[in-house]
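If you want the building blocks of each chain, they are given just below.
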Amino acid sequence: MDKNQIYNLKLATTLANLAEIYKQKSEDTKAAIDLNVAARTVRDYPGNIFDAYNRGFLASLPGIDETVYEIIEEFFETGRIKLYDGIRGQYPDELIKFIRISGLGKKRMFKLYELLDLKSMSDLRQKVHETGIYKLILEQTSFDKEPINEIQIKRLIDSVDYYYCIEGLTPRGFLDFFVESVMNEFGRIKEVKRAVVTGSMRRKKSFVRDIDILLLPEFNIDKYDSKKSELLLKKLCNLSFVNELTAINSKPGNISGRFKTNLGLDMEIIITYAKGWPLDLFYSTGSKEHVKRVEEIAMQRGLFNGISIQLKPEAMAGLEDNSDALIYKMLDLQYIPPELRENNNEIELALNKRLPELIKLEDIKGDLHVHSLWSDGIIDFIEMVTKAKVLGYEYLAISDHSISNLYGKGLNEERIIEKFEYIKYLKAKTKVLKILMGVEVDIKSVGKLDYGEHILEQMDIVLGSMHSNYTNSCEENTARVISAIENSFVSIIAHPTGVVFGARAPYLLDMEKIIEAAAAHGKALEINSYFVRLDLDENYSRKVKESGGKIAINTDSHRLNNLDMIKLGVDVARRAGLEKEDVINTMSLDELMDWKQKTARNKK
Ligand SMILES: [Zn+2]
Ligand SMILES: [Zn+2]
């Protein structure tokens, strides 16, 4: 079948959609749980899942039982899943995907689709923004047993907008394995002396539209050879990941090509020469707005010719460090890390030498949100601890789901008591790092957590989060989260907005109020590092810092390799301008426990 697919994400989405459909037939929870586990395995697979299938070890991956294996096999062999096609009937894929994003439910979405005579998602977007849509939908009393209400329509509009925003984007965390193999291939081309990833990938955006690469060939060390550069560019069509070269742009000093790749997203490759490297790296890194502001500074210093910044000959002395640092130096600016290049006041800070000292991956001392086999995680405990040690951690909290979280296999009171015993045993046995008993407790409604105080008080760390009934009003959702912030046992709110890339729009929430409340009570909001969440995002994280609040960076791991995703969370924090002091899990365990005690006393 067509190679031009992002297999892991597409297949995982299809499996999760199937699970979603099963969930609505409430008698079939096991099938939904199994499909969700399989979807997660496929989504998290650190390579192309089609390769795993081809090489015969798909069945050995966690959660791929016989039924699921047959579904995946059918998908790879025929490009379809009959069961899925049967359930979804004649509706287009994008509508099925939207069912999950909107949280409106399958029946309502199908009804709406017919009611509004929709042909596509952009059709839906146009229709929901037309005036009178409220009226039109509200009038349809036959729409459901209970007619759709204004809150649901608000959620629908938000969801449509969210869906529109993410079109064409791919989670950067998913591209890691691909970029690694791409760089290896460049490494094997003998003319290529240096290759780096640039563009939004270098700025560490959570979701990217394409991949930009800057290349320096051996023959362009002394001066730019346009003929040889063009030949090399065309030769890149032979690389295993390239489908076709769609555009060439030749300039004095560089040539770039746009390639379609077998992963489904485009790659822009720029071939430069040694002296052009710093400027080409700077310009290709972006962002456009940042570049424009730096050009204005250059103009004030007489170093901009209307097209490009001009490097002074003496500035070129710093050329050997392979970066664009010499541009900032020449302009008397502090070096601005790529993560901050978004025209968010970073130029002013750099002019005054007051840029934040960004948090680093090495600053993280532990992960406070890891699921185990006790709930829906599939991680062997020994492997988990070994991995955490490799990451240099001092502590690790095993924070499983609470009772009502059916799809997350939450622990009932009996099992949580057993788990306390087990963790006690692990604590005694584990010497290389400190194990903490944690919990991700569901915030069921305003003022109501899923466990009573007699359980929560025994926990080393409590994270509160919403997983259900979040289609109710913004006021109610907000009050719900704030009530958890005010609860003295809760230290962290996990994945605060609830957004899951391509699967769920953010909950209806007043995030400003939540950020304020968390800061006032000294509680932390989480940057969830799981690659399709990355929630909070950099904008909210920046607001947390501005309000004097704290952040926890956790992975929400359910698979062993998820623990590595901590770097994605740190990237979000860096893009938000966060420093070590802003993040609670940069503290030692003693400091962290002191912090917990202190914030617990912050009762209203
Ligand atoms: Zn959760
Ligand atoms: Zn979780």
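Residues numbered from 1 in each chain as written. Chains lettered and ligands numbered in written order. Predicted model: local features only at pLDDT ≥ 70, side-chain atom pairs only at ≥ 80, totals over all residues. Heavy atoms only, no water.

### Regarding helix 15 (residues 288-300)
For step 1, the next point in the chain: With 13 residues, helix 15 extends 19 Å between its outermost C-alpha atoms, agreeing within 8% with the 18 Å of an ideal straight helix rising 1.5 Å per residue.
For step 2, the next point in the chain: By the burial criterion, the buried members of helix 15 are His290, Val291, Arg293, Val294, Glu295, Ile297 and Ala298.
For step 3, the next point in the chain: Against the buried residues of helix 15 lie helix 14 (277-285), helix 16 (325-330) and helix 17 (346-351).
For step 4, the next point in the chain: Positive phi shows up at Gly302, right after helix 15, with a value of about 70 degrees. (Helix = DSSP H or I, 4+ residues; strand = E, 2+ residues; numbered from the N terminus. Expected span 1.5 Å × (residues − 1). Buried < 20%, exposed > 50% of the residue type's maximum accessible area, 1.4 Å probe, protein only. Contact = heavy atoms within 4.5 Å.)

### Re the coordination of the zinc ion (ligand 1)
For step 1, the next point in the chain: Around the zinc ion (ligand 1), the protein supplies Glu440 (OE), His467 (NE2) and His495 (NE2) as donor atoms, at distances of 2.0 to 2.1 Å.
For step 2, the next point in the chain: Mapping the donors of the zinc ion (ligand 1) onto the primary sequence yields the spacing E-x26-H-x27-H. (Donors = N, O, S within 2.8 Å, 3.2 Å for Na, K, Ca; no water.)

### Observations regarding the coordination of the zinc ion (ligand 2)
For step 1, the next point in the chain: All of the protein donors around the zinc ion (ligand 2) are His369 (NE2), His371 (NE2), Glu440 (OE) and Asp556 (OD); their distances to the metal are 2.1 to 2.2 Å.
For step 2, the next point in the chain: The coordination sphere of the zinc ion (ligand 2) comprises four donor atoms, whose angles at the metal cover 82 to 169 degrees; the geometry is irregular.
For step 3, the next point in the chain: Separating the zinc ion (ligand 2) from the zinc ion (ligand 1) is a gap of 3.4 Å, which Glu440 spans by donating to each of them. For the pair His369 and His371, a shared accessibility class is recorded, and that class is buried. (Tetrahedral: all angles 85-135°; square planar, octahedral: opposite > 155°, others 65-115°.)

### Topic: the confidence of the model for the chain
For step 1, the next point in the chain: This prediction gives the chain a mean pLDDT of 90; 94% of its residues lie at or above 70.
For step 2, the next point in the chain: Confidence over residues 1-5 falls short of pLDDT 50; this stretch has 14 contacts with residues more than four positions distant or in other chains. (pLDDT = per-residue confidence, 0-100.)

### Overview of the packing of aromatic side chains
For step 1, the next point in the chain: Evaluated as defined, the whole model comprises 16 aromatic pairs.
For step 2, the next point in the chain: Arranged with centres 6.4 Å apart and planes meeting at 45 degrees, the rings of Tyr53 and Tyr69 form a pair that is tilted. Here Tyr53, found in helix 3 (residues 49-54), pairs with Tyr69, found in helix 4 (residues 66-78); they are 16 residues apart in sequence, far enough to count as distant.
For step 3, the next point in the chain: Look at Tyr53 and you get buried, because its relative accessible area is 10%.
For step 4, the next point in the chain: The rings of Phe50, Tyr53, Tyr69, Phe75 and Phe76 are connected pair by pair, giving a single aromatic cluster.
For step 5, the next point in the chain: Positioned above the aromatic ring of Tyr530, the side-chain terminus of Arg40 is 4.2 Å from the ring centre.
For step 6, the next point in the chain: The ring of Tyr164 has Arg125 sitting right over it, with the charged end atom 3.6 Å from the ring centre. (Phe/Tyr/Trp six-rings, centres within 6.5 Å; stacked < 30°, edge-to-face > 60°. Lys NZ or Arg CZ within 6 Å of the ring centre and 35° of its normal.)

### Looking at the sheet that holds strand 7 (residues 266-271)
For step 1, the next point in the chain: Pairing is mixed across the open sheet formed by five strands, whose spatial order is 2-4-7-6-5. Of all the strands in the sheet, the pair left with one neighbour each is strand 2 (192-198) and strand 5 (242-251). Strand after strand, the sheet turns through a mean of 20 degrees between neighbouring axes, direction not considered.
For step 2, the next point in the chain: Bridging between strand 4 (residues 211-217) and strand 7 involves five bridges; their strand directions are parallel. Counterpart to Ile213 in the pairing with strand 7 is Ile269.
For step 3, the next point in the chain: Across the sheet, helix 11 (residues 172-187) lies against strand 2, strand 4, strand 6 (254-261) and strand 7, angled at about 15 degrees from strand 4, the strand it touches most. (Pairing = 2+ DSSP bridges. Axes fitted to C-alpha atoms, helices over the stretch in contact; angles between N-to-C directions.)

### A closer look at the packing of helix 8 (residues 121-129) against helix 10 (residues 150-166)
For step 1, the next point in the chain: Contact geometry for helix 8 and helix 10: axes closest at 10 Å, N-to-C directions at 135 degrees. The orientation of helix 8 with respect to helix 10, classified from their angle, is oblique. Like other packed secondary-structure pairs, helix 8 and helix 10 cross with a definite hand, here left-handed. From helix 8, Met121, Leu124, Arg125, Val128 and His129 reach across to helix 10, where they touch Leu156, Ile157, Val160, Asp161, Tyr163 and Tyr164.
For step 2, the next point in the chain: Among the residues making up the contact of helix 8 with helix 10, the classes are represented as eight nonpolar, one polar and two charged. (Parallel < 35°, antiparallel > 145°, perpendicular 65-115°, else oblique. Left-handed = near helix turned anticlockwise from the far one by under 90°. Nonpolar A, V, L, I, M, F, W, Y, C, P; charged D, E, K, R; others polar.)

### A short note on helix 24 (residues 566-575)
For step 1, the next point in the chain: Among the ten residues of helix 24, nine are classified as buried, and the element is accordingly described as predominantly covered.
For step 2, the next point in the chain: Buried within helix 24 we find Ile566, Leu568, Gly569, Val570, Asp571, Val572, Ala573, Arg574 and Arg575.
For step 3, the next point in the chain: Where helix 24 is buried, its residues touch helix 11, strand 14 (524-528), helix 23 (538-546) and strand 15 (550-554).
For step 4, the next point in the chain: In the segment just after helix 24, Gly577 is the residue with positive phi, at about 80 degrees.

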